[in-house]
Amino acid sequence: MKEIKGLRALVTGASSGIGEAFARLLATRGADLVLTARRQERLEALAAELMETHEVAVETIPLDLAAPGAPAKLLAAARGEDGAGRIDILINNAGFGLYGPFTELSWQSQAEMNQLNITALSELCHLFLRPALAADERVWLLNVSSVGAFQPVPTLAAYAAGKAYVLSMSEALSLEVAGTKVTVSCLCPGGTRTEFFKRSGQTLGGSLQQRALMSAESCAAIGLAGLFRGKRRIVPGALNRVSSFMARHSPANLAGRVAERVIRP
Ligand SMILES: NC(=O)c1ccc[n+]([C@@H]2O[C@H](COP(=O)([O-])OP(=O)(O)OC[C@H]3O[C@@H](n4cnc5c(N)ncnc54)[C@H](OP(=O)(O)O)[C@@H]3O)[C@@H](O)[C@H]2O)c1
């Protein structure tokens, strides 16, 4: 397993779910952390716990990443006033979904989702990688997409399309940086037990849907292992690997109808 003790990782969306699990795992392995999300108390409680339990340095930067200029503000704060704060690992995890027919969801909420899931994530990649490549630094970037990236998903239309963007851009970036000391990976989780469903308005149906969910801890662990092995695309769990393989090899209309049916309560 890659030795990451003493490296410094920035995790977005660290106040719950998969991001919180990433923070816990990185701290367990001795990495110092910069944690960001909007809910300040949650970030501070997590930071206090991790500093005490694992003797790592943890900073918190409470911020709405969908606000104008937020990615630049975040990286400037993480790097510190003199710009000397190193970031070795960036986990671009913050994101949310919106469940429902495209025209019934408000445009404003979908625009905010695109701003966070697509634009802020892309800007963070740019702000992080440009100086790292110029200085020939060894850094790792993990972008969180979704199995929704592999087919159109009616009732999650804009969310799934945004995650397809994240996957495509991450894989292209990974190819662009081949031969440098930069690693870019993309994690494509399937259904994972987090606050995602409550936030998206997607109610889960019977016990089958509930049982198919992965834990946030397993998802983050598979993501980190894949990142440090240099895997370009990481799909956690056999069920998700099989379903995404089938989606990629089926006509889009069939794959889309199946995906819509699978997530219907
Ligand atoms: N759970 C799943 O089934 C699933 C499946 C595929 C992909 N994913 C992806 O996994 C990632 C993590 O989601 P999760 O499942 O862990 O859900 P979650 O528990 O709802 O966590 C989402 C995180 O994003 C942060 N966030 C949301 N809006 C933000 C904003 N405007 N500015 C800054 N931070 C913001 C939230 O913090 P605050 O609310 O405190 O700001 C929270 O920390 C997302 O990109 C999601 O699309 C999840």
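Residues numbered from 1 in each chain as written. Predicted model: local features only at pLDDT ≥ 70, side-chain atom pairs only at ≥ 80, totals over all residues. Heavy atoms only, no water.

K.L.:
Please set out the sheet that holds strand 3 (residues 58-62) residue by residue, giving values where relevant.
P.N.:
Sheet strands pair by backbone hydrogen bonding; their relative direction is either parallel or antiparallel. Taken in spatial order, the seven strands of this open sheet run 3-2-1-4-5-6-9, and their pairing is parallel. Single-partner strands in this sheet number two, and they are strand 3 and strand 9 (233-234). Relative to strand 4 (residues 89-92), strand 1 (residues 8-12) runs parallel, the two sharing three bridges. Each residue of the ladder has a partner; that of Ala9, found in strand 4, is Ile89. Across the sheet, helix 3 (residues 70-79) is in contact with strand 1, strand 2 (32-37) and strand 3; its angle to strand 1 comes to roughly 150°. (Pairing = 2+ DSSP bridges. Helix = DSSP H or I, 4+ residues; strand = E, 2+ residues; numbered from the N terminus. Contact = heavy atoms within 4.5 Å. Axes fitted to C-alpha atoms, helices over the stretch in contact; angles between N-to-C directions.)

K.L.:
Which residues make up the pattern of salt bridges, and what are the values?
P.N.:
Applying the stated criterion across every chain, the model contains nine salt bridges. With its nearest N and O atoms 3.1 Å apart, the salt bridge here joins Arg39 to Glu195. Of this pair, Arg39 sits in the loop between strand 2 and helix 2 (40-54) while Glu195 sits in the loop between strand 7 (192-193) and helix 6 (196-200), and the two are 156 residues apart along the sequence. Of the residues examined, Arg39 reaches a relative accessible area of 35% and is grouped as partly exposed. (Salt bridge = Lys/Arg side-chain N within 4 Å of Asp/Glu carboxyl O. Buried < 20%, exposed > 50% of the residue type's maximum accessible area, 1.4 Å probe, protein only.)

K.L.:
Tell me about the state of the cysteines, and name the residues and values.
P.N.:
With the rule as written, the count across this model stands at zero disulfides. Cys186 provides the cysteine sulfur closest to Cys125, a residue in no disulfide bond, and the two sulfurs are 9.5 Å apart. For Cys125, a relative accessible area of 3% translates into the label buried. Residue Cys188 stays outside any disulfide, its sulfur separated by 4.3 Å from that of Cys186, the closest cysteine. (Disulfide = S-S within 2.5 Å.)

K.L.:
Give me helix 5 (residues 157-176): which residues, what numbers.
P.N.:
For helix 5, spanning 20 residues, the distance from its first C-alpha to its last is 29 Å, which sits close to the expected 28 Å at 1.5 Å a residue. Residues of helix 5 that are buried: Ala158, Tyr159, Ala160, Gly162, Lys163, Val166, Leu167, Met169, Ser170, Glu171, Leu173 and Ser174. Against helix 4 (107-134), strand 5 (139-144), strand 6 (182-187), helix 6 and strand 9 lie the buried residues of helix 5. (Expected span 1.5 Å × (residues − 1).)

K.L.:
Tell me about the nonpolar core, and name the residues and values.
P.N.:
Counting 50 residues, the largest nonpolar core has Leu65, Phe128, Leu129 and Leu141 as its most contacted members. Listing elements by their share of this core, those giving two or more residues are helix 3, helix 4, strand 5, helix 5, strand 6 and helix 10 (252-263). At nine residues, helix 4 tops the list of elements feeding residues into this core. Each residue touching Leu141, except ones within four places of it in the same chain, is listed here: Leu90, Asn92, Cys125, Phe128, Leu129, Leu173, Thr183, Val184, Ser185 and Leu227. In this structure, Ala23, Leu26, Val58 and Ile234 belong to the second largest nonpolar core, which totals 35 residues. (Core = buried A, V, L, I, M, F, W, Y, C linked by side-chain atoms within 4.5 Å.)

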